[in-house]
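# Structure assessment
In case you want the letters, here they are:
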Amino acid sequence: MRKLVMLMMAFFLSLTSLLAQTKAITGKVLDDKGAPIPNASVLVMGTQVGTTTKNDGSFSLNVPATGKTLVITSVNFEKQEVRLGASNTYSITLKASADDLEEVIVTGYQQQKKREVNAAVSRIDGKQIENIPAPSVDRLLQGRASGVQVNANNGVPGGAVNILIRGAGSINAGTQPLFVVDGIQINGATTNIQTQTNPIAFLNPDDIESFEILKDAAATSIYGARGGNGVVLITTKKGKAGKNEVMVNTQFGVTSPLKFFDVLNISEIVQSRIEAVQNASPRATAAAVRANVLAGLGINTAFTDDQIRGLTNYDWQAAGMQNGNVRQTNLSLRGGNDKTTYYVSGSYNSTEAIVTPVNFTRGTLLTSLSHKINRKLSIESQISLSTISQNGPFGGAGGGAFLGNIAFAGPTILPHNPITNPDGSWYGLPGSGQAVAGILSFNPLAVNALNTNKQRTNQMVGSFTINYEIAKGLRYQGKFGLDYRLVQTEFYGDPRLDEYLNRRGLGSANSNWNTNFLTFHTLNYNKTFGGKHSVSALAGTEYRNDVNEQIGASAEGFPTPDFRTINTAATPLGATGFWTGSRVFSIFGRVSYEYDRRYSIVASVRRDGSSRFGSNNRFATFPSFQFGWNVTNEKFMSKTSNWLNNLKVRYSWGQSGNDQIGNFDALGLFGGGRQYAGNPGIFYSQLASPTLRWELRTENNLGVDVGLFNDRITASVDLYRRINSKLLLGRSLYATTGFGSFTDNVGEVTNEGIEATVGFKIIDKAFKWRTNFIFAYNKNFISGLYDGLQVLPGNNAIRVGAPLGSFFVANYAGVNPATGRAMWYKADGNLTYNPLIPADQRLSGQTIPVYNGGFENSFSFKNFEASFFFNYEYGRTVSDGQVNFMGEIGGRAFNSLQSIYDARWTKPGQITNIPRPFNNNTDFASSGRFTGQNYLFKADYIRLRTVMLAYNFPRELMQRWKMSMARFYIQGTNLWTYSDYPGYDPEFVGAATGIVPQNKNITVGLQLGF
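Procedures and definitions
- Residues numbered from 1 in each chain as written.
- Predicted model: local features only at pLDDT ≥ 70, side-chain atom pairs only at ≥ 80, totals over all residues.
- Heavy atoms only, no water.
- Helix = DSSP H or I, 4+ residues; strand = E, 2+ residues; numbered from the N terminus.
- Contact = heavy atoms within 4.5 Å.
- Areas by Shrake-Rupley, 256 points an atom, 1.4 Å probe, with all protein chains shown as cover.
- Lys, Arg positive; Asp, Glu negative; His and termini not counted.
- Charge placed at Lys NZ, Arg CZ, Asp CG, Glu CD.
- Buried < 20%, exposed > 50% of the residue type's maximum accessible area, 1.4 Å probe, protein only.
- pLDDT = per-residue confidence, 0-100.
- Pairing = 2+ DSSP bridges.
- Phe/Tyr/Trp six-rings, centres within 6.5 Å; stacked < 30°, edge-to-face > 60°.
- Lys NZ or Arg CZ within 6 Å of the ring centre and 35° of its normal.
- Core = buried A, V, L, I, M, F, W, Y, C linked by side-chain atoms within 4.5 Å.
- Arc of directions from axis to C-beta.

Another aspect to go through is the overall build of the protein chain. In terms of helices and strands, the protein chain carries 13 helices and 51 strands. Expressed along its principal axes, the backbone C-alpha trace of the protein chain runs to roughly 110 × 85 × 70 Å. Of all intrachain contacts in the protein chain linking residues separated by at least 6 positions in sequence, the fraction that spans at least 24 positions is 69%. Accessible surface computed for the protein chain: about 43,900 Å², of which carbon and sulfur atoms make up 58%. Here the protein chain contributes 93 positively and 72 negatively charged side chains, and the mean placements of these two sets differ by 6 Å.

As structure tokens, this is what we get:
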């Protein structure tokens, strides 16, 4: 008992001593007009003790005995330090920052104030894409930045995305922009072995602080060749001094198909086949034709029309494309003091595509730490770890063997084929005695259920940064970064299926790894003198080394489908592997001068050396120049200050390169894998191109920024002209050389356009409304080839004056009303049933849209929020492989589109654009029937990309619950699309054959802060 009393007394004394060492203070933080500043950070210097102010600007804090100074910070206000004295109550006034209306923009190796940026740069704040469930963040850029076209290649979660900034400038070289995440240039390779991958799918959208998109050559030239197609800078969240923040964000939702095709029932299929066979064999009797058709469709030839109508039509589309689930949970911690700050986050995302078994599962961990060692030296460290698991569609790389993809096969398989047997087993498997009727003579649902098509991606993106202030205004920064990505795949073809029955199963495994090491070192100097002059200079050097390696093996002969790894197979088939790599070394510099906040000049230069070119041309220099005039700050504009608060004119000129070709395109290469006289041999596989040099991009940009009524109305307009010259292109050779082509610098492409962003906002105490309209127009055309050629040999669609991605096809003239035969126009304007190739072909449409943009609105009233976002494209033409296939109508034994069936020609005198059915489609010129103008489609669309409704719980309630915030929201993506496009999705890039379609989804979520 005595020991217990003594222990309690010791505890009481310790507690009393501890309490005696703290001091309770209260206060208010106000602006220079006396208005309270909510959410200001109040921190005791040298500690992690801190808090944030309430709505009325008040705060309370227990200060430890060691605390001598308060540090108060708030967005758009200057930091203030307050020395603590004997008082327990403080009234603190913060001065508005001199740059409180100036956005800070990341522009490459440094940050700049928006007023100093004279190039074409778009910024997207992380809050604009917050909580949107997207496996890859690049899809969130759609329609949000003028001049940036984003299209999903398919609906595979985490799959590849096609991005064009101000159109396409290259024919053969890469057209995709450079992604830079926190200063680390990401390897843009998409390693598509068994399914689609995306190099930036490792990012958690909730970790994004901002996107900056560098669009013109003056902005991108500091990145040299890597920025030749534009640059997307992604900045993730960092720690900040003040009270520790804990954020939890969880959401759950359902995915569903965008559309199903309206297809025929079995009676209509029989009718279309009878017409097709009868048209091809007009002398055959109706009874013989009918019997032939029914036998080909697997129907009893004795069945009457009523019996055929009584056959069950199984819904293969609904069985193959079903609703899926979306789950996402994020947890983050953020805080620090005036010396050390940190940000740590973890996330889990699980997304099921509408096509079974395609899915995407990702786990991420991001840590960011910065520490001030002393007044001059600080360090930063950041590591992003992610692991992604995917089940791909049958066929590999998002399509491949497209007939086995249920999105393709579901609407095309004959509908009277059963899906399963009464006992639940798959219908039509080998050995069952059951035959699947039609040219799709297999069960596609069984194919996707029994085969294994897995892919796993482990990625690490990390960096270590040193900052050192050499002298006042002169700072050194050194960064070492690594982007490492390992992709491992596993495929298993099940022996219970026709394709793998005789092989007793087929298995393969592959490992592919990208190692991208980057380091750069810069000196940054800033000085202001005379009150009106401001000078800054940047000089640096950079080295990047990319290596890509792959190994793989395959085997066949598995004793049982339960054994699915290749080590359990009886017969090894072979092994594969490759190594490739490239290096770039660069030096760069930038100088800027600003006078009296009115005039600014920026000049930069970068010299790049790339291992991809010939030894004589590996290095190239890329300069740029920018000029800006802040007209608002002129004295003669003083009378407009009450309504015109910003008027800036910008002009820039710059050059950048493009080296996005094969790593060894300039070299003469030898290959192996052949025999000579029974011995292993080598052969000359590629001609050398020692004079191969950089593709060059030269761009002029003129821009105007306007702000009216304290930025309640804003507008930014840019006009540009970009010429890509010395194009990296395969130049044709005579076949007698033994080679078809070699890579050379030939040709020129021009892009001209206008971009505009117009914003409007109303901000009241209770009601807020913001809206943005984004518009872009781009004219793209080939302005030159080589040797005076007007048409590229081997590709008639690439010709001077034509846009890149043009279609060169026979112009469709409709259907002859008397015969039902399809007609085309000849070069002389006359009609023909069989157009000549290429004499009767003409340009018809392009794959690059002429117009694109978006329309964004957000509202808030008291505790409620709502927002919606549309994006649109106009002027793009595509050829849809699936629609073309299903447009044959009776030509072969598979299902077709109802709209084509209803409009087909059936009798003389009928006016229609759909020709008569004809067996095996031999009534049509093959080039016109399948690639002619009649099977090109306008892909114009307007899409409701996102819509959101949220409720923020009252602050008073949060304070009672010891929470900083609580928010409930519901949102939808891709809920509505306006388009005449007949396929799954007008957004797709490519042939759209065997794709996994995109989906729409609705999610509900809860966001909590502590």
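Mapped onto the secondary structure, threonine 457 falls in strand β22 (residues 452–471). Among the residues examined, threonine 457 registers a relative accessible area of 6% and is labelled buried. Other than its neighbours up to four places away in sequence, threonine 457 contacts Thr197, Ser386, Thr387, Ile388, Gln390, Arg485, Leu486 and Val487.

Before going further, it helps to spend a moment on the environment of tyrosine 684. Among the structural elements, tyrosine 684 can be located in strand β31 (residues 679–686). Considered as a pair, tyrosine 684 and phenylalanine 670 are 14 residues apart in the sequence and their alpha carbons are 4.5 Å apart. Leaving out residues up to four positions away in the same chain, tyrosine 684 has contacts with Gly668, Leu669, Phe670 and Phe739.

Here we take up the confidence of the model for the protein chain. When pLDDT is averaged along the protein chain, the result is 87; 95% of the residues meet or exceed 70. Confidence over residues 396–400 falls short of pLDDT 50; this stretch has 20 contacts with residues more than four positions distant or in other chains. For the stretch residues 926–931, pLDDT sits under 50, and the model shows 16 contacts to residues farther than four places along the chain or on other chains.

Before going further, it helps to examine the sheet that holds strand β10 (residues 121–125). The sheet built from five strands is open, its strands ordered β10-β15-β16-β13-β14 with mixed pairing. Each edge of the sheet is formed by a strand with only one pairing partner; in this case those strands are β10 and β14 (184–185). The pairing of strand β13 (residues 178–181) with β14 spans two bridges and is classified as antiparallel. In the strand pairing of β14, valine 180 is matched with glutamine 185.

In sheet architecture, strand pairing relies on hydrogen bonds along the backbone and comes in two forms, parallel and antiparallel. Strand order in the open sheet made by the three strands is β41-β42-β43, with antiparallel pairing throughout. Two strands close off the open sheet at either side, each with one partner strand: β41 (812–815) and β43 (831–832).

Another point: the packing of aromatic side chains. This structure, assessed with the given rule, holds 28 aromatic pairs. Between phenylalanine 760 and tryptophan 769, the aromatic rings sit 5.2 Å apart at their centres with planes inclined by 75 degrees, giving edge-to-face as the arrangement. Tryptophan 769 gets classed as partly exposed once you look at its relative accessible area, which sits at 25%. Grouping aromatic residues by their ring pairs yields a cluster made of Phe760, Trp769, Phe773, Phe855, Phe859, Phe868, Phe870, Tyr872, Trp976 and Tyr978. Its guanidinium or amino end placed over the ring of tyrosine 833, arginine 821 lies 3.9 Å from that ring's centre, counting from NZ or CZ. The ring centre of tyrosine 901 lies 3.9 Å from the NZ or CZ of arginine 904, which sits over that ring.

Next up on the list: the nonpolar core. Counting 58 residues, the largest nonpolar core has Val270, Leu297, Ile299 and Val355 as the members making the most contacts within it. For this core, the elements supplying multiple residues, two or more each, are α3 (266–280), α4 (286–296), α7 (406–412), α8 (444–450), α10 (881–886) and α11 (898–903). Ranked by residues supplied to this core, first place goes to α3 with five residues. Core analysis: the next-biggest nonpolar cluster, separate from the first, contains 42 residues, Ile163, Leu203, Ile213 and Val231 among them.

This next bit is on α4. Along α4, the positions that sit buried rather than exposed are Val289, Val293 and Leu294. Angularly, the buried residues of α4 cover 125 degrees about the axis, an arc narrow enough to put them on a single face. Against the buried residues of α4 lie α3 and α5 (305–309). One or two residues past the end of α4 sits glycine 298, with phi positive at roughly 70 degrees.

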